[in-house]
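Analysis of the macromolecular model
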Amino acid sequence: MKSSVLGLVCVFALGLLCAPIAEVDGACGQRVRKSYDRLTVDEKRLYRRALQKSMDAGYYIKFVEMHTEKMSEMEAHRVCMFTYWHRYFLLGFENMLRSLGPEFKCITVPYWDQIQQNARAMTGACSSMESCTPMIRDWGGSTKGVYKNVVINGVEIGGSICVTGSPLDRFCEASSRKDNGCAKCLPRDNLQQQPFPAMANYASVYRQLFAPQNLPDASESVEEGMHNAIHATLGSTMGTFQSPADPIFWSHHAYVDLLLTIFLKCRAGLGKLSDAQKANNPYTFVSCPKRENTGMFIASSKITMRNGESGANPIQANAPNSPLYAFFKDIPDQYALLSDIITIGGSSRYTYQVGGLVGQLALNCDKPPSGRRLGEYSSGTQGEAANATRVRCESGLNSDDDAKSPPSSPENAPFQVDSSYDNDVHAKKVTAWVHEVTELLRKLPEDKSREPVPHAEVVEMERMVCMFQDQCRGGVADYSDEFKKAFGVTKPPPCKTIVDEINECRPLRLSKWKETMEKYFPCNVALAAAPTDPDTNETPIGDL
Ligand SMILES: [Cu+2]
């Protein structure tokens with residue numbers, strides 16, 4: 001066991017950053033990230049205190065700077081290294097929280113289990129983004145605060161309200177401000193008015209993860225799927241690249257990170273590849289283009305992640321003169337070496353505790369609980385399994401590559417399994433619905449007009465979920481112009497493309513699709529501020 005002596009690091013030049021740095025060592029064992037909803041009340045309070053302390057210490061805003069700095073952002077979004085850039089970012093953030101004092105030394109970022117929350121939204125147990133997401137309510141909600149915009153690291157952000165509940169009462173919007181010069185609130189939109197997005201549904205996430213055949217495609221599929229849908233639905237700060245200013249960001253990205261970890265586990269296995277093999281494997285690293293014709297990411301490419309107020313005088317996070325050096329110095333900064341979470345070097349290795357629907361994806365991969373892979377029975381229905389937005393109203397693909405699915409691995413050990421999810425009534429309803437629809441689709445005559453594709457049943461289920469969202473959960477719309485501009489998005493959300501296509505030229509295969517859904521999921525659910533059946537894990541953690 002290494003020593004856990006505390007050091008003191010001060011950045012005198014700024015006069016702002018001065019906090020104890022705990023050695024980021026192995027005293028806590030392997031890091032295990034858990035669903036926020038599975039934390040105890042004390043663990044939830046501890047994490048929120050760490051967020052507050054990181055804001056007070058002046059570290060928090062530096063992470064917002066790195067997400068917006070031009071050269072860094074070029075490697076972070078709309079690019080094949082999206083997953084690994086954010087993995088490095090999260091590890092540095094987690095190390096920073098761990099450094100804030102002995103009580104925080106074993107903390108991990110809790111993930112936002114969006115498939116589970118979507119299941120609850122589907123069954124009507126909750127309805128709005130806020131009522132479905134305990135961490136939003138625990139971190140200030142979205143309706144109490146003051147009316148003002150905030151210039152976060154040089155960019156003015158508005159919203160329905162500037163939320164003042166903890167931990168946002170400690171938020172400071174620029175490195176050069178402190179104490180009473182800080183906003184002490186964070187803009188959010190009214191999340192009691194926003195339904196939970198369909199792109200986080202089990203069937204949709206399944207398609208996003210298992211239709212792609214290599215890392216760049218999987219990364220893009222998740223980035224353009226549930227990742228963007230959640231950012232866009234939350235809007236305000238979360239709808240911009242200043243989004244790390246909202247603590248929800250870290251839990252959202254921990255979930256994205258978990259999903260891409262499931263992709264690797266199901267394709268190549270976790271802990272199976274040497275560093276040399278990681279650098280040349282379709283599921284871990286393939287050379288892929290940078291944005292704006294600036295070259296290629298190659299196996300030896302290192303991450304660009306720089307802090308500096310409003311982008312001025314940027315310093316690489318792991319450079320010895322960086323105020324964040326202590327948090328990044330031990331994390332491998334070569335993209336290819338970040339590909340497998342359980343073999344990342346030094347103290348950075350980590351894993352996830354999983355259960356419920358995301359546990360099914362993690363443990364069974366593209367095999368449903370009955371043991372048969374959904375894709376084995378594809379009778380040829382849709383042509384766009386690999387990318388729901390790629391083809392619209394055409395007669396299928398002419399390539400046969402997409403019809404071949406790599407074998408799934410039975411190796412489950414790398415994840416920790418939490419069986420307390422097993423009897424969750426909402427997850428069970430989704431599973432029962434998946435089984436019923438699978439059987440109904442298999443009874444239909446083969447659709448000879450289209451090429452067979454893997455996961456055809458689940459692709460059809462995603463189409464049903466998108467239509468259900470459109471007709472029963474507040475509608476499916478294109479992204480706002482502001483969001484498109486902020487995130488550089490050019491395509492509509494996959495659900496929008498799907499719904500338009502169903503309405504224009506390709507109806508759902510089951511004529512009684514809506515009745516089939518309503519056996520499990522009520523259509524008319526009014527948006528509400530609180531869930532209708534709060535379970536025991538929804539104990540409010542109160543204000544500090
Ligand atoms: Cu990002």
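Scroll up to find the structure.
A brief report on the enclosed structure follows. (Residues numbered from 1 in each chain as written. Predicted model: local features only at pLDDT ≥ 70, side-chain atom pairs only at ≥ 80, totals over all residues. Heavy atoms only, no water.)

This paragraph deals with the overall build of the protein. Counting its regular elements, the protein contains 18 helices and 14 strands. For the protein, buried positions account for 60% of its 544 residues. Sequence-distant contacts in the protein: of pairs separated by 6 or more residues, those separated by 24 or more amount to 76%. As displayed, the protein has an accessible area near 20100 Å², and 50% of this comes from carbon and sulfur atoms. (Helix = DSSP H or I, 4+ residues; strand = E, 2+ residues; numbered from the N terminus. Buried < 20%, exposed > 50% of the residue type's maximum accessible area, 1.4 Å probe, protein only. Contact = heavy atoms within 4.5 Å. Areas by Shrake-Rupley, 256 points an atom, 1.4 Å probe, with all protein chains shown as cover.)

Per the stated rule, a full pass over the model turns up eight disulfides. There is a disulfide in this structure between Cys-472 and Cys-523, and the S-S distance comes to 2.0 Å. Across the S-S bond linking Cys-472 and Cys-523, the dihedral sits near -95°, which makes this disulfide left-handed. A residue pair is termed long-range when its members are at least 10 positions apart, and Cys-472 in helix H15 (residues 456–472) and Cys-523 in the segment after helix H18 (513–518) qualify at 51 residues. Across the pair, Cys-523 and Cys-472 agree in class, each one buried. (Disulfide = S-S within 2.5 Å.)

Before going further, it helps to spend a moment on the sheet that holds strand E13 (residues 350–354). The strand order E3-E13-E14 describes an open sheet built from three strands, whose pairing is parallel. The outermost strands of the open sheet, each flanked by one partner alone, are strand E3 (31–33) and strand E14 (416–417). Of the pairings in the sheet, the one linking E13 to E14 comprises two bridges and is parallel in character. Paired with Gln-353 across the strands is Gln-416, a residue of E14. Packing against the sheet, helix H10 (residues 248–267) makes contact with E3 and E13, and its axis sits at approximately 95° to E13. (Pairing = 2+ DSSP bridges. Axes fitted to C-alpha atoms, helices over the stretch in contact; angles between N-to-C directions.)

With that settled, the discussion passes to unusual backbone geometry. Cis geometry marks the peptide bond from Ser-166 to Pro-167, where omega comes out at 10°. Although it is not a glycine, Ser-236 sits at a positive phi angle of roughly 50°. Along the chain, the position of Ser-236 falls in the loop between helix H9 (215–234) and H10. With a relative accessible area of 12%, Ser-236 lands in the buried category.

Moving on to the coordination of the copper ion. In this structure, His-67 (NE2), His-77 (NE2) and His-86 (NE2) serve as the protein donors to the copper ion, at separations of 2.0 to 2.1 Å. All donors of the copper ion belong to a single chain; written as a sequence motif, their spacing is H-x9-H-x8-H. Within this pair, whereas His-67 is found in helix H2 (residues 60–68), its partner His-77 is found in the loop between helix H3 (70–76) and helix H4 (82–98), the two being separated by 10 residues in sequence. Across this residue pair, the class does not change: His-67 and His-77 are buried. (Donors = N, O, S within 2.8 Å, 3.2 Å for Na, K, Ca; no water.)

A few words now on the nonpolar core. In terms of nonpolar packing, the biggest core is built from 146 residues, with Phe-93, Trp-250, Ile-262, Phe-328 and Trp-433 touching the most fellow members. Per element, the largest residue contribution to this core is 13 residues, and it comes from H10. If we skip the residues at most four places from it in the chain, Trp-433 touches Met-461, Met-464, Val-465, Thr-516, Met-517, Tyr-520 and Phe-521. Among the nonpolar cores identified, the runner-up in size contains five residues, and Tyr-479, Phe-483, Phe-487 and Val-489 belong to it. (Core = buried A, V, L, I, M, F, W, Y, C linked by side-chain atoms within 4.5 Å.)

Here we come to the pattern of salt bridges. In total, this model carries 24 salt bridges according to the counting rule given. A salt bridge links Glu-94 to Arg-31, with the shortest nitrogen-to-oxygen separation between them at 2.9 Å. You can see Glu-94 sitting in helix H4 and its partner Arg-31 sitting in strand E3, a full 63 residues away along the chain. Judged by relative accessible area, Arg-31 falls into the buried class, the value being 1%. Close ionic contact of Glu-501 with Arg-463 constitutes a salt bridge, the shortest N to O distance being 3.7 Å. One end of the pair, Glu-501, is in helix H17 (residues 494–504); the other, Arg-463, is in helix H15, and 38 residues separate them in sequence. (Salt bridge = Lys/Arg side-chain N within 4 Å of Asp/Glu carboxyl O.)

Below, the discussion takes up the packing of H9 against H10. At a minimum axis distance of 11 Å, the contact between H9 and H10 shows a crossing angle of 155°. Judged on the interaxial angle alone, H10 and H9 are roughly antiparallel. Once H9 is placed against H10, the crossing between them reads as right-handed. Side by side, H9 and H10 meet where Leu-215, Ala-218, Ser-219, Val-222, Met-226, His-227, Ile-230, His-231 and Leu-234 of the first sit next to Ile-248, Phe-249, His-252, His-253, Tyr-255, Val-256, Leu-259, Leu-260 and Phe-263 of the second. Partitioned by chemical class, the residues of the contact of H9 with H10 number 13 nonpolar, five polar and no charged. (Parallel < 35°, antiparallel > 145°, perpendicular 65-115°, else oblique. Left-handed = near helix turned anticlockwise from the far one by under 90°. Nonpolar A, V, L, I, M, F, W, Y, C, P; charged D, E, K, R; others polar.)

Within helix H5 (residues 114–123), 10 of the 10 residues are buried, which leaves the element mostly enclosed by the surrounding structure. Positive phi appears at Gly-124, one or two residues downstream of H5, with a value of about 90°.

Where strands meet in a sheet, backbone hydrogen bonds hold them as pairs that are either parallel or antiparallel. Judged by pairing direction, the sheet is antiparallel, and its three strands sit side by side in the order E4-E7-E8 without closing on themselves. Only two strands of the sheet have a single partner each, and these edge strands are strand E4 (145–146) and strand E8 (186–188). Note that strand E7 (residues 161–163) and E8 share three bridges and pair antiparallel. Considered in E8, the bridge of Ile-161 is made with Arg-188.

Let's shift gears to the packing of aromatic side chains. Per the stated rule, a full pass over the model turns up 28 aromatic pairs. Aromatic side chains Tyr-206 and Phe-210 sit 5.2 Å apart centroid to centroid with 80° between the ring planes, which places their arrangement in the edge-to-face category. A residue pair is termed a helical-turn pair when its members lie 3 or 4 positions apart in one helix, as Tyr-206 and Phe-210 do in helix H8 (residues 202–210) at four residues. With respect to class, Tyr-206 is no different from Phe-210; both count as buried. Consider the rings of Tyr-479 and Phe-483, whose centres lie 4.9 Å apart with planes at 50°: the pair is tilted. The pair Tyr-479 / Phe-483 is uniform in exposure class, with both members buried. (Phe/Tyr/Trp six-rings, centres within 6.5 Å; stacked < 30°, edge-to-face > 60°.)

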